[in-house]
Protein chains: 2
Amino acid sequence: MGNELNCSMFRAMDVLGDRWTLMVLREAFMGVRRFTEMQRDLGIARNVLTDRLNFLVETGVLERRQYQDRPVRHEYRLTDMGRELQPALLTLMHWGDTYLSPDGAPALMEHTDCGHVTSPLLVCEHCREPLTTRNVRLTPGPSYCEGEDPAADRAAAREHDRATAA
Amino acid sequence: MGNELNCSMFRAMDVLGDRWTLMVLREAFMGVRRFTEMQRDLGIARNVLTDRLNFLVETGVLERRQYQDRPVRHEYRLTDMGRELQPALLTLMHWGDTYLSPDGAPALMEHTDCGHVTSPLLVCEHCREPLTTRNVRLTPGPSYCEGEDPAADRAAAREHDRATAA
């Protein structure tokens, strides 16, 4: 298996890897839609919030909708793409709860359909059995390109370094 | 629901948010254990690789084991904590495949137990039904602390900015 196989993971992390972006996204998942409410909750500078909202709209995670005419006001809602980040965010949260929260989880996940406080379990969409490090194999997909991407990965990592240092 | 509920997610992202760290972790998941092999695969500077390996060992994601006496040589293996990052990495990869890879997935996930090329599905560990944005509710957990953490979140975000700009 080539080391270029998982670059979708890097692309995903480029969206989520910034802490302010993640805080804005968390607001969206909590149902907060308006700039002023996000600003009040997060206590961040207007230009930082504007920047992160624009980034999430450009990426396709949020959509901007006008909800008022005079004066013009917009709200921000999760798109399907945004909502489908939930599994990644819940699994990250669960891992952090398990290994990085020595005083116990800050939040519990309740599955309201069955009423249990639960933990997320990752299963195969076909047989519904758990996926583990022993039973998942990654194989080349449609956009696999051996020998090309490792260099691209390195270049992207350097670019990422530059961008985060800017 | 307070906006401080999910800080485990931030703690998790502090581990994964650096691209080189993620590249080293990817090597570990592919079974690459030795410094020289990682360096050859990734083409990164020795000091950068050393830095990221030390970070992952300190965090508890990797363990360092001596495999040779003269000269002394170590290898790096995923701990249980490290292996349990798999659900987060697979869901991130799947999201990136779906939304950020217009030419198709670079890699396909095969569930070797049932033999299907699959997608990861997040379910409730109790009833095994899918978790969605409509049926998961976050409630305060043991280390929930209303009114305290939003400021801590902001301070941590600023600290994160400083660290990534360093």
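Residues numbered from 1 in each chain as written. Chains lettered and ligands numbered in written order. Predicted model: local features only at pLDDT ≥ 70, side-chain atom pairs only at ≥ 80, totals over all residues.

### A few points about the confidence of the model for chain A
All names here are of chain A.
1) Next: Confidence in the prediction for chain A averages 86 pLDDT; 83% of positions are at 70 or higher.
2) Next: Within chain A, helix α7 (residues 149-165) has the poorest average pLDDT of any element, 63, and strand β5 (residues 120-124) the best, 98.
3) Next: Across the predicted assembly, pTM comes out at 0.84 and ipTM at 0.85. (pLDDT = per-residue confidence, 0-100. Helix = DSSP H or I, 4+ residues; strand = E, 2+ residues; numbered from the N terminus.)

### Focus: the relation of the copies chain B and chain A
1) Next: Superposing chain B onto chain A takes a rotation of 180° combined with a translation of 0.0 Å along the rotation axis, leaving an RMSD of 0.0 Å. Accordingly, the operation relating the two chain copies is best matched by a two-fold axis.
2) Next: The overlap is high: 99% of the interface residues of chain B also sit at the interface in chain A, so the same surface is used on both sides. (Least-squares fit on C-alpha atoms with pLDDT ≥ 70 in both. Contact = placed C-beta atoms within 7 Å.)

### Focus on the sheet that holds strand β4 (residues 116-118) of chain B
1) Next: Spatially, β6(A)-β3(B)-β4(B) is the arrangement adopted by the three strands of the open sheet, whose pairing is antiparallel. The open sheet terminates on both sides in strands that have one partner only, identified here as β6 (136-140) of chain A together with β4 of chain B. With direction set aside, neighbouring strand axes in the sheet form an average angle of 45°. (Pairing = 2+ DSSP bridges. Axes fitted to C-alpha atoms, helices over the stretch in contact; angles between N-to-C directions.)

### Remarks on unusual backbone geometry
Note: most peptide bonds trans; most residues except glycine with negative phi.
Residues and elements named next belong to chain A.
1) Next: Note that the residue after R70, namely P71, is joined by a cis bond; omega there is -5°.
2) Next: Note on placement: P71 falls in the loop between β1 (62-68) and β2 (73-78).
3) Next: We note that R128 has phi near 65°; this positive angle belongs to a residue other than glycine.
4) Next: Inspection of the secondary structure assignment puts R128 in the loop between β5 and β6.

### Quick notes on the pairing of strand β5 (residues 120-124) of chain B
1) Next: Taken across its five residues, β5 of chain B has four buried, putting it largely inside the fold.
2) Next: In terms of strand pairing, β5 of chain A meets β5 of chain B through five bridges, oriented antiparallel. Counted as the bridge partner of V123 of chain A is L121 of chain B from β5 of chain B. (Buried ≥ 20, exposed ≤ 12 C-beta atoms within 10 Å, placed from the backbone.)

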